[in-house]
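# Survey of secondary and tertiary structure
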Amino acid sequence: FRCPGPPPMGSDKTGRSAFLAGALAAVVWLGATALPPLVRAQLLRSALRPRGDPGRVAALIRQGAAPDTVNAAGLTPLMWAAREGHSELVRELLDAGADLTRTDASGRTALVHAVRGGSLKAAAMLAAPRTPPVLRDTALVHAVLSDNPRMTELLLSAGADPNARVELHGGT
């Protein structure tokens with residue numbers, strides 16, 4: 001049985017990546033929604049690597065995959081989409097209830113990933129009024145440190161406090 005869609009994004013020695021990519025294609029193609037949550041989470045993580053596939057991620061989210069599933073580095077689909085500038089996927093993940101306050105293993109939120117990735121559109125969505133001020137303030141520090149005046153301006157206009165004391169890597 002061969003499912004339509006792009007070929008697998010790579011394989012490892014056991015063929016697990018190819019298997020997961022094939023299973024993911026079958027889920028997307030068949031529209032299966034009765035998969036156990038653990039299987040949907042594994043398929044979602046598979047869709048995020050190595051370069052990710054926004055269409056597959058979006059399809060899995062629509063079919064009930066948890067939007068806050070994490071990979072080994074603690075990255076959620078929202079963080080990945082923000083970093084890569086997939087603003088349409090950021091919107092879909094936020095609408096699906098993705099937690100924008102969640103941090104990865106390095107303590108970075110999706111907003112910081114958007115800032116570090118240079119995605120103004122994703123950062124604008126993530127710096128919305130519902131975002132806790134401390135997250136905007138932390139992102140502002142990252143924008144300033146990466147010498148990105150447009151991102152800095154966006155965060156200031158979204159309410160980031162230029163005088164806030166923010167702790168980064170154990171210092172302020």
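Residues numbered from 1 in each chain as written. Predicted model: local features only at pLDDT ≥ 70, side-chain atom pairs only at ≥ 80, totals over all residues. Heavy atoms only, no water.

Let's shift gears to the nonpolar core. Counting residues in hydrophobic clusters, the biggest one holds 36 residues, and the most contacted among them are Leu78, Val90, Leu111, Leu126 and Leu155. Going through the elements one at a time, α3 (54–62), α4 (77–84), α5 (87–95), α6 (110–117), α7 (120–126), α8 (133–145) and α9 (149–157) are the ones with two or more residues in this core. Look past the residues within four positions of Leu111 in its chain and what remains in contact with it is Ala123, Leu126, Ala127, Leu135, Arg136, Ala139 and Leu155. (Core = buried A, V, L, I, M, F, W, Y, C linked by side-chain atoms within 4.5 Å. Buried < 20%, exposed > 50% of the residue type's maximum accessible area, 1.4 Å probe, protein only. Helix = DSSP H or I, 4+ residues; strand = E, 2+ residues; numbered from the N terminus. Contact = heavy atoms within 4.5 Å.)

Along α9, the residues classified as buried are Met151, Thr152, Leu154 and Leu155. Seen from one end, α9 has its buried residues packed into an arc of 160°, which puts them on one side. Opposite its buried face, α9 presents the exposed residues Pro149, Arg150, Glu153 and Ser157, each directed more than 90 degrees away. Here the buried face of α9 lies against α6, α7 and α8. Within two residues after α9, Gly159 carries a phi angle of roughly 110°, on the positive side. (Arc of directions from axis to C-beta.)

Here we come to the pattern of salt bridges. Across all of its chains, the model carries three salt bridges by this definition. Glu92 is the partner of Arg62 in a salt bridge, and the nearest nitrogen-oxygen pair spans 3.0 Å. Of the two residues, Arg62 is situated in helix α3 and Glu92 in helix α5; the sequence distance between them amounts to 30 residues. The class for Glu92 is partly exposed, based on a relative accessible area of 22%. Between Arg91 and Asp95 there is a salt bridge; the shortest N-O distance is 3.8 Å. Of the two residues, Arg91 and Asp95 both sit in helix α5, four residues apart, roughly one turn of that helix. In this structure Asp95 comes out as exposed when scored by relative accessible area, which is 58%. (Salt bridge = Lys/Arg side-chain N within 4 Å of Asp/Glu carboxyl O.)

Attention now moves to the packing of α8 against α9. Running from N to C, α8 and α9 cross one another at 160°; their axes reach a closest spacing of 8 Å. By the angle class used here, α8 and α9 are roughly antiparallel. For the pair α8 and α9, the crossing hand works out as left-handed. Together, Ala139, Leu140, Ala143 and Val144 of α8 and Met151, Thr152, Leu155 and Leu156 of α9 make up the contact between the two elements. Of the residues that constitute the contact of α8 with α9, the class distribution is seven nonpolar, one polar and no charged. (Axes fitted to C-alpha atoms, helices over the stretch in contact; angles between N-to-C directions. Parallel < 35°, antiparallel > 145°, perpendicular 65-115°, else oblique. Left-handed = near helix turned anticlockwise from the far one by under 90°. Nonpolar A, V, L, I, M, F, W, Y, C, P; charged D, E, K, R; others polar.)

Our focus in this paragraph is the packing of α4 against α5. Following both chains from N to C, one finds α4 and α5 inclined at 155°, their axes separated by 8 Å at the closest point. In this view, α4 runs roughly antiparallel relative to α5, as classed from their interaxial angle. Judged by the sense of rotation from one axis to the other, the crossing of α4 with α5 is left-handed. For the pair α4 and α5, contact is made by Pro77, Leu78, Trp80, Ala81 and Ala82 and by Leu89, Val90, Leu93 and Leu94, respectively.

A few words now on unusual backbone geometry. Although it is not a glycine, Asp147 sits at a positive phi angle of roughly 50°. When you line up the elements, Asp147 lands in the loop between α8 and α9.

What follows deals with the environment of Glu167. Turning to its location among the elements, Glu167 is positioned in the segment after α9. By relative accessible area, which is 58% here, Glu167 ends up exposed. For the pair formed by Glu167 and Val141, sequence separation is 26 residues and the distance between their alpha carbons is 9.7 Å.

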